[in-house]
Amino acid sequence: MPLPPEIDLWAKLRATTRARIGLGRVGDSMPTKDVLEFQLAHAKARDAVHTKLDTAALKTAIGGDIIEVRSAADSREIYLRRPDLGRQLHPDCAPLLKQGDYDAVFVIADGLSATAVSLNAVAMLQAALTRLHDFKIAPIVIATQARVAIGDDIGERLGAKICAILIGERPGLSVAESLGIYLTYNPKRGTRDSARNCISNIHTKGGLSYEVAADTLTWLMREALRRKLTGVDLKEEALLAAPAAAQALGTA
Amino acid sequence: MTMLNAVMARYATSFGGETYRFDDLKTVMACASARRSGDELAGLAAESDAQRVAARAVLADLPLSTFLNEALIPYETDEVTRLIMDRHDAEAFQPVAHLTVGGFRDWLLSYEADSASLRAIASGLTPEMVAAVSKLMRNQDLIAVSRKCQVVTAFRNTLGLPGRLGTRLQPNHPTDDLRGIAASTLDGLLYGTGDAVIGINPATDNVPNCLALLDMLDGLRQRYEIPTQTCVLTHVTNSIEVMNRGGAVDLVFQSVAGSEAANAGFGINLAVLREARDAALALKRGTVGQDVMYFETGQGAALSAEAHFGLDQQTIEARAYAVAREFKPLLVNTVVGFIGPEYLYDGKQIIRAGLEDHFCGKLLGVPMGCDVCYTNHAEADQDDMDTLMTLLTAAGVTFVITVPGADDVMLNYQSLSYHDLLYLRATFGVKPAPEFELWLEKMDMVDRQGRMRLPGPQNKMLHRLINAAAA
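Residues numbered from 1 in each chain as written. Chains lettered and ligands numbered in written order. Predicted model: local features only at pLDDT ≥ 70, side-chain atom pairs only at ≥ 80, totals over all residues. Heavy atoms only, no water.

Draft legend 1. Fine view of the overall build of chain A. Helix and strand counts for chain A stand at ten helices and six strands. A principal-axis box enclosing the C-alpha atoms of chain A has dimensions of 65 × 45 × 30 Å. When each of the 252 residues of chain A is scored for burial, the buried share is 53%. The contacts of chain A with a sequence gap of at least 6 include a subset with a gap of at least 24, amounting to 69%. Accessible surface computed for chain A: about 11,400 Å², of which carbon and sulfur atoms make up 54%. Counting 32 positive and 29 negative side-chain charges, chain A places the averaged centre of each group 2 Å from the other. (Helix = DSSP H or I, 4+ residues; strand = E, 2+ residues; numbered from the N terminus. Buried < 20%, exposed > 50% of the residue type's maximum accessible area, 1.4 Å probe, protein only. Contact = heavy atoms within 4.5 Å. Areas by Shrake-Rupley, 256 points an atom, 1.4 Å probe, with all protein chains shown as cover. Lys, Arg positive; Asp, Glu negative; His and termini not counted. Charge placed at Lys NZ, Arg CZ, Asp CG, Glu CD.)

Draft legend 2. A look at the pattern of salt bridges. As enumerated under the stated definition, the model contains 43 salt bridges over all chains in all. When the shortest N-O distance is used, the salt bridge between Asp74(A) and Arg70(A) registers 3.7 Å. Exposure remark for Arg70(A): the relative accessible area of 34% places this residue in the partly exposed category. Measuring nitrogen to oxygen at the nearest pair gives 2.6 Å for the salt bridge that ties Glu326(B) to Arg87(B). Separated by 239 residues along the polypeptide, Glu326(B) in helix α18 (residues 313–326) and Arg87(B) in the loop between α6 (79–86) and α7 (90–93) bring together distant segments of the chain. Look at Arg87(B) and you get exposed, because its relative accessible area is 53%. Taken together, the salt bridges that share partners define one network made up of Arg156(B), Asp218(B), Arg221(B), Asp250(B) and Arg285(B). (Salt bridge = Lys/Arg side-chain N within 4 Å of Asp/Glu carboxyl O.)

Draft legend 3. Examining the sheet that holds strand β4 (residues 160–168) of chain A more closely. Residue and element names in this part refer to chain A. The strand order across the open sheet built from six strands is β1-β3-β2-β4-β5-β6, with neighbouring strands paired in mixed fashion. The open sheet is flanked by β1 (66–70) and β6 (196–202), the only strands paired with a single partner. Between one strand axis and the next, the sheet turns through 20° on average, direction left out of account. Helix α3 (residues 55–62) contacts β1, β2 (102–109) and β3 (140–144) of the sheet and is inclined by roughly 165° relative to β3. Across the sheet, helix α8 (residues 210–227) is in contact with β2, β4, β5 (179–185) and β6; its angle to β6 comes to roughly 175°. (Pairing = 2+ DSSP bridges. Axes fitted to C-alpha atoms, helices over the stretch in contact; angles between N-to-C directions.)

Draft legend 4. Representation of the packing of aromatic side chains in the model. Within the structure shown, the criterion is met by seven aromatic pairs over all chains. For the pair Tyr191(B) and Tyr418(B), a centre-to-centre distance of 5.6 Å together with 40° between the ring planes defines the contact as tilted. Here Tyr191(B) is found in the loop between α12 (178–189) and β6 (197–200), whereas its partner Tyr418(B) is found in helix α21 (residues 418–428), with 227 residues between them in sequence. Centre to centre, the rings of Tyr294(B) and Phe399(B) are 6.3 Å apart; their planes meet at 75°, and the pair counts as edge-to-face. Here Phe399(B) lies in strand β12 (residues 399–403) and Tyr294(B) lies in strand β9 (residues 293–297), a separation of 105 residues in the sequence. Grouped by ring-pair contacts, the aromatic residues Phe253(B), Tyr294(B) and Phe399(B) constitute a single cluster. Between the NZ or CZ atom of Arg76(A) and the centre of the ring of Tyr79(A), over which it lies, the distance is 4.1 Å. Between Arg81(A) and the ring centre of Tyr345(B), over which it is positioned, the NZ or CZ distance is 3.7 Å. (Phe/Tyr/Trp six-rings, centres within 6.5 Å; stacked < 30°, edge-to-face > 60°. Lys NZ or Arg CZ within 6 Å of the ring centre and 35° of its normal.)

Draft legend 5. Summary view of the side chain of His419(B). Residue position: His419(B) is located in helix α21. Separated by 2.8 Å, the side chain of His419(B) and the backbone oxygen of Gly24(A) make a polar contact. A polar side-chain atom of His419(B) sits 3.2 Å from a polar atom in the side chain of Tyr191(B). (Polar contact = N/O pair within 3.5 Å; in protein donor to acceptor, adjacent residues only side chain to side chain.)

Draft legend 6. How the structure looks around helix α19 (residues 347–363) of chain B. Here α19(B) spans 24 Å end to end across 17 residues, near enough to the 24 Å set by a 1.5 Å rise per residue. Within α19(B), 16 of the 17 residues are buried, which leaves it mostly tucked inside the rest of the structure. (Expected span 1.5 Å × (residues − 1).)

Draft legend 7. View of the interface of chain B and chain A. Listed as interface residues are 56 residues of chain B and, on the opposing side, 39 residues of chain A. Taken together, both faces of the contact between chain B and chain A bury some 3,900 Å²; the carbon and sulfur share is 60%. Where chain B touches chain A, the interface holds three salt bridges. The salt bridge partner of Arg46(A) is Glu379(B), with a shortest N-O separation of 3.2 Å. There are twelve residue pairs in polar contact (both at pLDDT 80 or more) connecting chain B and chain A. Residue composition of the side of chain B that touches chain A, by class: 29 nonpolar, 16 polar and eleven charged. (Buried area = accessible area lost by both parts, 1.4 Å probe. Nonpolar A, V, L, I, M, F, W, Y, C, P; charged D, E, K, R; others polar.)

Draft legend 8. Quick look at the state of the cysteines. Residue and element names in this part refer to chain B. Applying the stated criterion across every chain yields a total of zero disulfides over all chains. In this structure Cys-231 is not part of a disulfide, and its nearest cysteine sulfur, from Cys-210, lies 9.4 Å away. Look at Cys-231 and you get buried, because its relative accessible area is 0%. (Disulfide = S-S within 2.5 Å.)

Draft legend 9. How the structure looks around the packing of helix α13 (residues 207–223) of chain B against helix α14 (residues 236–244) of chain B. Residue and element names in this part refer to chain B. Axis separation between α13 and α14 bottoms out at 10 Å; the angle between their running directions is 65°. Put simply, α13 runs roughly perpendicular to α14. You can see that α13 and α14 cross each other, and the crossing is right-handed. Note on element contacts: α14 touches α13 through Asn-238, Glu-241 and Val-242, opposite Val-207, Cys-210, Leu-211 and Leu-214. Residues of the contact of α13 with α14, tallied by class, amount to five nonpolar, one polar and one charged. (Parallel < 35°, antiparallel > 145°, perpendicular 65-115°, else oblique. Left-handed = near helix turned anticlockwise from the far one by under 90°.)

Draft legend 10. Geometry of the nonpolar core. Leu59(B), Phe104(B), Tyr294(B) and Leu363(B) are the most contacted members of the largest nonpolar core, which totals 160 residues. Discounting chain neighbours no more than four positions away, the residues touching Tyr294(B) are Arg168(B), Val197(B), Cys231(B), Leu233(B), Leu251(B), Val252(B), Phe253(B), Gln254(B), Leu331(B), Asn333(B), Phe399(B) and Ile401(B). Among the nonpolar cores identified, the runner-up in size contains 37 residues, and Ala114(A), Phe135(A), Tyr185(A) and Leu234(A) belong to it. (Core = buried A, V, L, I, M, F, W, Y, C linked by side-chain atoms within 4.5 Å.)

Draft legend 11. Highlighting unusual backbone geometry. The backbone of Asn186(A) sits at a positive phi, close to 50°, despite the residue not being glycine. With respect to the helices and strands, the residue Asn186(A) is situated in the loop between β5 and β6. Of note in this structure, Lys328(B) is not a glycine but carries a positive phi near 45°. The class for Lys328(B) is exposed, based on a relative accessible area of 52%.

Draft legend 12. Representation of the environment of Ser146(B). Its location among the elements puts Ser146(B) in helix α11 (residues 139–146). Those residues in contact with Ser146(B) that sit more than four places away from it in its chain are His358(B), Phe359(B) and Ala395(B).

Draft legend 13. Focus on the side chain of Glu437(B). All names here are of chain B. In this structure, Glu-437 sits in helix α22 (residues 434–442). On the accessibility criterion, Glu-437 (19% relative accessible area) is buried. Here Arg-164 takes part through its side chain, which lies 2.7 Å from a polar atom of the side chain of Glu-437. Not counting the four nearest positions on each side in its chain, Glu-437 is found in contact with Arg-164, Lys-431 and Pro-432.

Draft legend 14. Just helix α6 (residues 114–129) of chain A, in detail. Taking 1.5 Å as the rise per residue, α6(A) with 16 residues should run 22 Å; its terminal C-alpha atoms sit 21 Å apart, in good agreement. The largest bend in α6(A) amounts to roughly 50° and is located at Asn120(A). (Bend = angle between axes of the 7 residues up to and from the residue.)

Shown next, in the form of structure tokens:
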């Protein structure tokens, strides 16, 4: 049975972890309240995976020139079964991307959590753009049923030196709305994942703040242009130059 | 008949008026596999249900010894194939050497195949043989044979004995906060979990952090004299460095896969595993045994590294157990639902794969456990995990993984809860490792009915542990 608060010995320890510690017990099992809380968290995580990204709302919130594209995965079921298709631009969308000469393109992609994008992408994008007034930025691209590597094709077609893709991360039970950013210098189809830098865990429930993420992101973008690379080598230098970036850069 | 036709004819069958032909042995194996998204992703799956059954019919008639004569990945270019072939024990194989794959299934299910005879043939079996026979078995066959296999290992306690179910206590934390990890650990101890290992997946995988985590776990273990082993699941090369720096390494962990190239993707080879094992053995930290290795595997790992060589994911997974077997592990587990729906789409596929992996591991003589788990983008939920853990316990699984409330807040997936262990103990009457069982009694954590005491205010151990963790 759940304990009344005055004798809840777990109160102090709960502050140390998000883990579901100190749950009650009914016989050998979880109390009803805990079972339902778990089911709600799982339902939210599944909804984050399966909800369609509201691209119209996103376009309105961002404003300006926006290109909307989709991957070769025609449905969420195909997207989940065939990661390879989620990495490819749908052939119908290729003509929308006109070759230009840009320092960077920002791609906003649903990934595995449209919820993460709806809640965080606009604020994250603005925090980044205000730090990049000197950059020549391509029109913003919104990509659906998309995985990270779709940004390679988009960046290549637009003629952008850097592709920064803001994408919904795989939802967990405690956080279903975490946004990640993958940065690729000289994006080309077939780019290896080791040639990217990743900033993950961006959300407002105790995750990385937009401001810290934007500082790290724009530092990496400037260094990427200067050194003409992204990936493992850039990450190590970033950690040496700014140890505080360690949290933002994660361990991936 | 031309040569080509002769080869073709070897893998063909007439079935219900239609003739089915398969190009080679690995195509037969792939087509005979139960349907799963990973084989479809790789373009290896049977094109129809009828073709799948036809492949099984072809497989059933093949001599078991086919797999000794025909390597699925070339001997010359793959050290896992060389390990499998060079270590094959022809004498142990003798009792089943005359059988076809179908005949082997029948023999495994016969009364003749008891614990002793299964143990005796283990070193005569190859991963490809056990993968092949598993494809002819229904879920109940996999359970019935697995529960006859006994694989006993030991370090500070004895795992794999009949009537026992081990558990890994997995107290992960998103930032490796030592107090948060201690809180999750003591919560698990109050449910009597953690006899297989108390094992952390570090959020930050580097040597200084591993040293700090190991130091905390080892201190906790010594303070309460817990007869178990602790582990930080870091890369094997980090573990070697940690041991060089005097870290408290009980078990060396590593993810392994079924081809040399897939292992290279993990940054390992057989030589580095041998080096790490030798270093851990030299520490002599075990008290009742010296099995010092802990391996994780999982269907889909080789394909995701593009190192599957046209093998279906279940067959190449079984080859990972030959890698594990070579190093006399204390523990091995498949992370069955962790890799995602592109490999195992839903609860049905995850359940089947969990039973196959356990069966194949046990038949090869590996102390096989399972992380009964799924991710939020798979078509699965806790009901499926209930089914799989129940079936695996019936099958005599060596251990399962438990996390607080089934929610791993670092790796963002769902496994089993501490509560689930109590359900399994009550339903099947299974017990923890004998040394750990005695410790639970000594610490007065068990009531007169043999149940874990409720974690209420009257629970003395709860007060002791909470005060220690809060200090």
